[in-house]
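# Chains, contacts and geometry: an overview
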Amino acid sequence: MKFPNPESAGPAGLLALGRDLLPQTLEQAYSQGIFPWPEKGKPLLWFSPDPRGVLFFDQFKLPKSTRKTMRDNRFILTENKAFREVIENCSTRPRKLENQTWILPEMVEAYVELHRLGHAQSVEAWLGDKLVGGIYGVQFRGVFSGESMFYKESEASKVCLAHLVQILSRQGHQWIDIQMVTPLLAQLGAVTVPRKKYLHMLLERQQQYS
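So, here's what we can say about the structure. All figures in this text were calculated on a predicted structure; none of them were measured in a lab.

On to the pairing of strand β4 (residues 52-56), then. One face of the sheet, then the other: side chains in a regular strand alternate in exactly this way. Summarising burial for β4: five of the five residues are buried, a large majority. On β4, burial covers both faces: R52, V54 and F56 on one face and G53 and L55 on the other are all buried. Of the pairings in the sheet, the one linking β4 to strand β10 (residues 191-193) comprises three bridges and is antiparallel in character. Residue G53 lies in a different strand from β10, and its bridge partner there is T192.

Moving on: the sheet that holds strand β2 (residues 35-36). The strand order β1-β3-β2 describes an open sheet built from three strands, whose pairing is antiparallel. Both outer strands of the open sheet, β1 (14-17) and β2, are each paired with one neighbouring strand and no more.

Taken as a whole and assessed by the stated rule, the structure comprises 10 salt bridges. In this structure, the salt-bridge partner of E39 is K42, at a minimum N-O distance of 3.0 Å. The closest approach of N and O atoms between R116 and E113, which form a salt bridge, is 2.7 Å. Remark: E113 and R116 occur in helix α4 (residues 105-116); sequence separation between them is three residues, near one turn of the helix. Judged by its relative accessible area of 27%, E113 falls in the partly exposed class. What emerges from the salt-bridge pattern is a single network uniting R84, E88 and E109.

Further remarks concern the nonpolar core. Grouped together as the largest cluster of nonpolar side chains are 35 residues, with contacts concentrated most on L26, W46, I87, I103, Y111 and Y136. When residues in this core are grouped by element, the largest group, six residues, is from α4. Y111 has contacts with L26, Y30, P36, F83, I87, A120, Y136, V138 and E147, leaving out every residue within four places of it along the chain. Core analysis: the next-biggest nonpolar cluster, separate from the first, contains 25 residues, F75, A156, I176 and I178 among them.

About the criteria used
Residues numbered from 1 in each chain as written. Predicted model: local features only at pLDDT ≥ 70, side-chain atom pairs only at ≥ 80, totals over all residues. Heavy atoms only, no water. Buried < 20%, exposed > 50% of the residue type's maximum accessible area, 1.4 Å probe, protein only. Helix = DSSP H or I, 4+ residues; strand = E, 2+ residues; numbered from the N terminus. Pairing = 2+ DSSP bridges. Salt bridge = Lys/Arg side-chain N within 4 Å of Asp/Glu carboxyl O. Core = buried A, V, L, I, M, F, W, Y, C linked by side-chain atoms within 4.5 Å. Contact = heavy atoms within 4.5 Å.

Below, the structure written as structure tokens:
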């Protein structure tokens, strides 16, 4: 069963209802610029918003405080060491503009399975043996989509994002999909692009990757 054309999404970006969170479904969705954003008690919601949030690496702006934290090596940074712990910490954060999380238990399990299959990655920040920040996202066909991040110590999530940008840059990425631009991400240089342009970027990157 195919998803509808992403450009047929409604004004709020809602495109489809129902389906499942199996790896093949998620790969089909992300590869077309579609992502799940569930609400408790409702059928699974799938979105393709217009405009779309993107972080171009050449526009990434780190605050002086974050750069100083990185120079001081305040945190120990790891990759894919605690994926489940990162997504579970992210799941305690309320959904944008609503007092509820969108990372429901079934989302946690689905993305942990993606991680096991090599399609989801995390970056972690530690103070000693305490996890104090992290970010996770998924990657299909050469396109990385950042999902969520959290922090328990000041600067921890921004340092994780900076480390992720460094990793992806070395792999040939020039931008990441962030779906929607929060005030924090806007301060870091994230912008919105029309959905049509995003879908063109998506296809171009996939062609480069294949």
